[in-house]
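Report on the structure
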Amino acid sequence: MIRSLHAENFRCFKKLDLYDLQRVNVVVGKNATGKTALMEAMRLALGGTPNVLWGMNQTRGFFANVPQPITREGFESLWSAYFFNFDPSEAISMDCADNEDHHATIRIFYDAQRSVAVMPQHIPQQQPQQPPPVLPSSFIPPLAFQRCNFSGESSTLYASVQAQGGVNFDSGPELGPVTEFFPSSAWNFNPILPAQMFSQLSLQKREKAIVDAVRDEFEPSLESLLVLSPSGAPGLYAGLRYLKEKLPIGYLSAGISRFVAMLSAVLLRGKGVVLIDEIENGISYKIFQPLWKYLLKFAVDNDTQIFASTHSLECVRALLPAMQGHEREFTLLRAERTNGSSAITLVPGRFLESAIDQGVEVR
Amino acid sequence: MTFIQPQALDFLPHPFFIATEGIGDARLIDELLQFRGITNCSVGCPSRISSKGKTGKDAFPDYFAAIQTARRRVDSTQLLGLLVVADADANAGEAFGAIRTGLDQAAFPAPDKPFSIEGNPFRTAVYLLPGEGKTGTLEHLLLDAAFVKAPSLQDCLDDFSTCTGALRSSKPNKLAKMRMSALAAAFCEDNPWCSAHTMWSDDKNPVPIDSPCFNHIGDFVTRFAS
């Protein structure tokens, strides 16, 4: 389990210090205070590869494809928003520690010494009698990911531009435990994800807990959940007693689909981290209490750690039954922004439980 | 202006917080702050709609933890002190012990004894109503203030307590609450249902905030917040 994360110059955080992280970490705060950026910091600290960083762009809905060939300005624009105040002269640095005080670190910066000369892509038309002009090549420094994993093994990966203008992302193992990131439903949610996860659970014969949870909380007539691919693409289907055919779960409810995916992730990512942005999305307020209870139970049973953000007061108040007697498993991370930089304040579970009970506005 | 914090405590606007046992105590403290021109204190009391069903001193540990949560907000003013105001009830030592335990549980420093402002830079104190060396409740103090202004009221309430049988059946603290309620209801003729908590809004409130009976607690609050 991750106990602490320290980051500098990442997104809206000049400096981010998270400590005493617990099994279930609830992230609150107004819009644009850094809730999602906090989750991205955790994802990056545990991932540490160019693909992880690039994937966050796509999750946020930007840069569906890398333009190729690419200019220096174009290449830098892919990454500029990750640097605090858009200033890449200060490296992004992160240090993440687990329960046993093993650390994983990463430093991300433009490595000017490894700049690549990229040929100009557009040579303007010239008059026939004039010699062709010699255009300067563009020198594009790669983005270096200088990393050290929890076992102390160091490596450096690069996101770089090749001489012809193509972009290359070095691949490599992630630094820490397996991470799953559920973006807000306002952004991209992969509809195949619930099917993939449920399929993995079925292979391990562990899907019953999910089926029971859906039946108990949403649909008493649920007979089965199955991954089927009638059209070629896999999808999760629900068999209901009153329907003559099985129904794609997304047709039944997008919320149930997300519920299944979240619980499945917590079951599957044992010893890992599940990041859930805006956990309340698509879920009825009546399900919030059981959702937290399932998340806590599955997380404890599988040694999974959860970071879940919410804007919903009902969702926060629904924490109470799950928290009572398990206060130490929870913490509240409240994102706030002052003087242009975001900061996180931490409220231990024992205070959080009392505060919610007393009706304090904790968000 | 009121210094009473909303039930849904949000951020802390002032550097000193006065946590009271109930809303009646909170209203008295609020009136005192206004009367004395003290502007750096917030006042609040535990919620009566807690899911745990705890009220009064039993709810203090949760309420103190709630204050700890609110003080962590970036927009909260740095908290410099916490004063707890509660009834001494029948045993001031027990009342103080319960408050002290609550402070400990919520990781606040606890004073060694009541009526003592302790700690530096963060100060804590406990004031037990009706005042130092006494047992009883908020209502005892309020009644004293009403009787100083209109001594004949005491005989009147004694008669009322006798003829209704309350004098025989009620415990002293409950009897004081009944007498204060009866007095407030009788005086606040437009609001005969009013209580020690709501009477402060009524022009005919029988308890004068400038009563010398409030000098001790007023001076204590002034010292705490200075």
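Reference entry: report on the structure contained in this document. Worth saying up front: this structure is predicted, and the values here are computed from it rather than measured.

Take the overall build of chain A next. Looking only at helices and strands, chain A features 11 helices and 18 strands. At 23 Å, chain A has a C-alpha radius of gyration in line with the 21 Å of a compact globule built from 363 residues. The principal-axis extents of the C-alpha atoms in chain A amount to approximately 85 × 50 × 35 Å. The burial tally for chain A puts 53% of its 363 residues in the buried class. Across chain A, every contact between residues at least 6 apart in sequence was considered, and the portion connecting residues at least 24 apart equals 67%. As displayed, chain A has an accessible area near 16,300 Å², and 50% of this comes from carbon and sulfur atoms. For chain A, the distance from the average position of its 32 positive side-chain charges to the average position of its 36 negative side-chain charges is 3 Å.

What follows covers the packing of aromatic side chains. Scanning the entire structure with this criterion turns up 16 aromatic pairs over all chains. Measuring from centroid to centroid gives 6.3 Å for Trp54(A) and Trp79(A), while their planes differ by 70 degrees, and the two rings are edge-to-face. Separated by 25 residues along the polypeptide, Trp54(A) in helix α2 (residues 50–59) and Trp79(A) in helix α3 (residues 72–79) bring together distant segments of the chain. The pair Trp54(A) / Trp79(A) is uniform in exposure class, with both members buried. For the pair Phe115(B) and Tyr127(B), a centre-to-centre distance of 4.9 Å together with 80 degrees between the ring planes defines the contact as edge-to-face. Taken together, the residues Phe115(B) in the loop between α3 (92–105) and β4 (123–129) and Tyr127(B) in strand β4 connect sequence positions 12 residues apart. Since its relative accessible area comes to 2%, Tyr127(B) is described here as buried. Three or more aromatic residues link up through ring pairs in this structure, and these residues are Phe10(A), Trp54(A), Phe75(A), Trp79(A), Tyr82(A) and Phe169(A). A cation over an aromatic ring shows up here: Arg107(A) above the ring of Phe109(A), its NZ or CZ 4.5 Å from the ring centre.

The next subject is the pairing of strand β13 (residues 235–240) of chain A. Residue and element names in this part refer to chain A. Most of β13 sits inside the fold, with six of its six residues counted as buried. Side chains of β13 alternate between two faces, with Gly235, Tyr237 and Gly239 and Leu236, Ala238 and Leu240 buried alike. Pairing of strand β12 (residues 222–228) with β13 involves six bridges; the strand directions are antiparallel. If you follow Leu226 over to β13, its bridge partner there is Tyr237. Hairpin connection between β12 and β13: a loop of six residues separates the two successive antiparallel strands, and Gly232 in this loop has a positive phi of roughly 110 degrees.

Right, let's talk about the packing of helix α5 (residues 208–217) of chain A against helix α7 (residues 254–268) of chain A for a bit. Residue and element names in this part refer to chain A. Viewed as axis vectors pointing N to C, α5 and α7 meet at an angle of 145 degrees, and their least axial separation amounts to 10 Å. Considering how the two elements wind past one another, α5 and α7 form a crossing that is right-handed. Where α5 approaches α7, its residues Ala209, Ile210, Ala213 and Val214 are matched on the opposing element by Ile256, Phe259, Val260, Leu263, Ser264 and Leu267. For the contact of α5 with α7, the per-class residue count stands at nine nonpolar, one polar and no charged.

Okay, the pattern of salt bridges next. This structure, assessed with the given rule, holds 26 salt bridges over all chains. Across the pair Arg72(A) and Glu76(A) runs a salt bridge, and its minimum N-O distance is 3.0 Å. Of this pair, Arg72(A) and Glu76(A) both sit in helix α3, four residues apart, which is roughly one turn of that helix. Glu31(B) is the salt-bridge partner of Arg27(B), the closest N and O atoms lying 3.5 Å from each other. With Arg27(B) and Glu31(B) both in helix α1 (residues 23–36) and four residues apart, the pair spans about one turn of that helix. The burial state of Arg27(B) is the same as that of Glu31(B); both residues are buried. Among the charged side chains, a salt-bridge network with shared partners connects Arg23(A), Lys271(A), Asp303(A) and Glu329(A).

In this section: unusual backbone geometry. A cis geometry characterises the amide bond from Asn120(B) onward to Pro121(B), with omega recorded as 5 degrees. Looking at the secondary structure, you find Pro121(B) in the loop between α3 and β4. Residue Pro130(B) is bonded to the preceding Leu129(B) through a cis peptide linkage, with omega at 10 degrees. Mapped onto the fold, Pro130(B) is located in the loop between β4 and α4 (138–149). In this structure, Asn85(A) takes a positive phi of about 60 degrees despite not being glycine.

The geometry of helix α11 (residues 349–357) of chain A relative to helix α2 (residues 60–71) of chain B is characterised by a closest axis approach of 7 Å and an angle of 105 degrees between their N-to-C directions. Looking at the two axes, α11(A) sits roughly perpendicular to α2(B). Residues Arg350(A), Phe351(A), Leu352(A), Glu353(A), Ser354(A), Ala355(A) and Asp357(A) of α11(A) form the contact with α2(B), whose own contacting residues are Asp62(B), Ala65(B), Ala66(B), Gln68(B) and Thr69(B). Here the residues of the contact of α11(A) with α2(B) sort into five nonpolar, three polar and four charged.

What follows concerns the side chain of Glu40(A). All names here are of chain A. You can see Glu40 is positioned in helix α1 (residues 35–47). A polar contact is formed between the side chain of Glu40 and the side chain of Arg11, at a distance of 2.5 Å. The residues touching Glu40, leaving out its near neighbours within four places in the chain, are Phe10, Arg11, Met56, Arg60 and Phe181.

All names here are of chain B. Inspection of the entire model under this criterion finds zero disulfides over all chains. We note that Cys213 lacks a disulfide partner, and the nearest cysteine sulfur, in Cys188, lies 18 Å from it. For Cys213, a relative accessible area of 22% corresponds to the partly exposed category.

Attention now goes to the interface of chain B and chain A. For an interface, size is often stated in terms of accessible area lost upon the parts coming together. Listed per partner, the contact involves 23 residues of chain B and 22 residues of chain A. The contact between chain B and chain A buries some 1,700 Å² in all, and 53% of this surface belongs to carbon and sulfur atoms. The interface formed by chain B and chain A holds one salt bridge in total. With its nearest N and O atoms 2.9 Å apart, the salt bridge here joins Glu353(A) to Lys52(B).

With that settled, the discussion passes to the layout of surface pockets. Estimated volume of the largest pocket: approximately 690 Å³. Only α1, α4 and α7 (172–187) of chain B provide two or more residues apiece to the lining of the largest pocket. Of all the elements, α7(B) adds the most residues to the lining of the largest pocket, at six residues. Residues that form the lining of the largest pocket fall into these classes: eight nonpolar, 14 polar and nine charged. Of the voids in this model, the second largest pocket is the one considered here, and its volume is about 500 Å³. Lining the second largest pocket are 27 residues, and of these Arg11(A), Cys12(A), Ala32(A), Ala37(A) and Arg60(A) lie nearest its centre. Going through the elements one at a time, α1 and α3 of chain A are the ones with two or more residues in the lining of the second largest pocket.

About the thresholds
Every chain begins its residue count from 1, and numbering advances along the sequence as written. Labels follow written order: the first chain is A, the first ligand is 1, and so on. The model is predicted, so local features are restricted to residues of pLDDT at least 70 and side-chain atom pairs to those at 80 or more, both for listing and for counting; the totals for chains, interfaces and linings are taken over all residues. To get the side-chain values, take all heavy atoms of the structure and skip hydrogens and water. Elements are defined by DSSP. Helices are runs of H or I of four residues or more, strands are runs of E of two residues or more, and each kind is numbered from the N terminus. When we talk radius of gyration, it's over C-alpha atoms, and the globule rule is simply 2.2 Å times the number of residues to the 0.38. Burial classes follow relative accessibility: with a 1.4 Å probe on protein chains only, a residue under 20% of its type's maximum area counts as buried, one over 50% as exposed, and anything between as partly exposed. Any two residues having at least one pair of non-hydrogen atoms within 4.5 Å are treated as being in contact. Shrake-Rupley sampling with a 1.4 Å probe provides the accessible areas, and residues are treated as covered by the protein chains on show and by no other component. A residue counts as positive if it is Lys or Arg and as negative if it is Asp or Glu; His and the chain ends are not included. Just so you know, the charge point we use is NZ for Lys, CZ for Arg, CG for Asp and CD for Glu. Planes of paired rings set the category: under 30 degrees apart is stacked, over 60 is edge-to-face and the rest tilted, where pairs are Phe, Tyr or Trp rings (Trp by its six-membered ring) whose centres lie within 6.5 Å. Working rule: Lys NZ or Arg CZ, within 6 Å of ring centre, within 35 degrees of ring normal, means a charge sits over the ring. Strand pairing requires that DSSP identify at least two bridges connecting the strands. Helix axes use the C-alpha atoms of the stretch in contact, all axes being lines fitted to C-alpha atoms, and the angles between their N-to-C directions lie in the range 0 to 180 degrees. If you view the pair so one helix is near and one far, a crossing is left-handed when the near helix is turned anticlockwise from the far one by less than a right angle, and right-handed when it is turned clockwise. Under the scheme applied, nonpolar residues are Ala, Val, Leu, Ile, Met, Phe, Trp, Tyr, Cys and Pro; charged residues are Asp, Glu, Lys and Arg; polar residues are all the others, including Gly. Take a side-chain nitrogen of Lys or Arg and a carboxyl oxygen of Asp or Glu: if they are within 4 Å of each other, that pair is a salt bridge. Should an angle fall under 35 degrees it is taken as roughly parallel, and over 145 as roughly antiparallel, whereas 65 to 115 is taken as roughly perpendicular and any remaining angle as oblique. Definition of a polar contact: a pair of N or O atoms within 3.5 Å, with one able to donate and the other able to accept a hydrogen when the atoms are protein atoms, and with sequence-neighbouring residues admitted only if both atoms are side-chain atoms. Cysteine sulfur atoms are paired as a disulfide whenever they come within 2.5 Å of each other. Put simply, buried area is how much 1.4 Å-probe accessible surface two parts lose in total, over both of them, once they are put together. Residues are called lining when one of their atoms sits within 4 Å of a cavity or pocket point, these points coming from a 1 Å grid over the protein atoms alone, where a cavity is a set in which a 1.4 Å probe fits but cannot get out and a pocket is an open set with protein on both sides within 12 Å along at least five of seven lines. Grid points are joined across faces, edges and corners, and a volume is the space filled by probe spheres set on the points.

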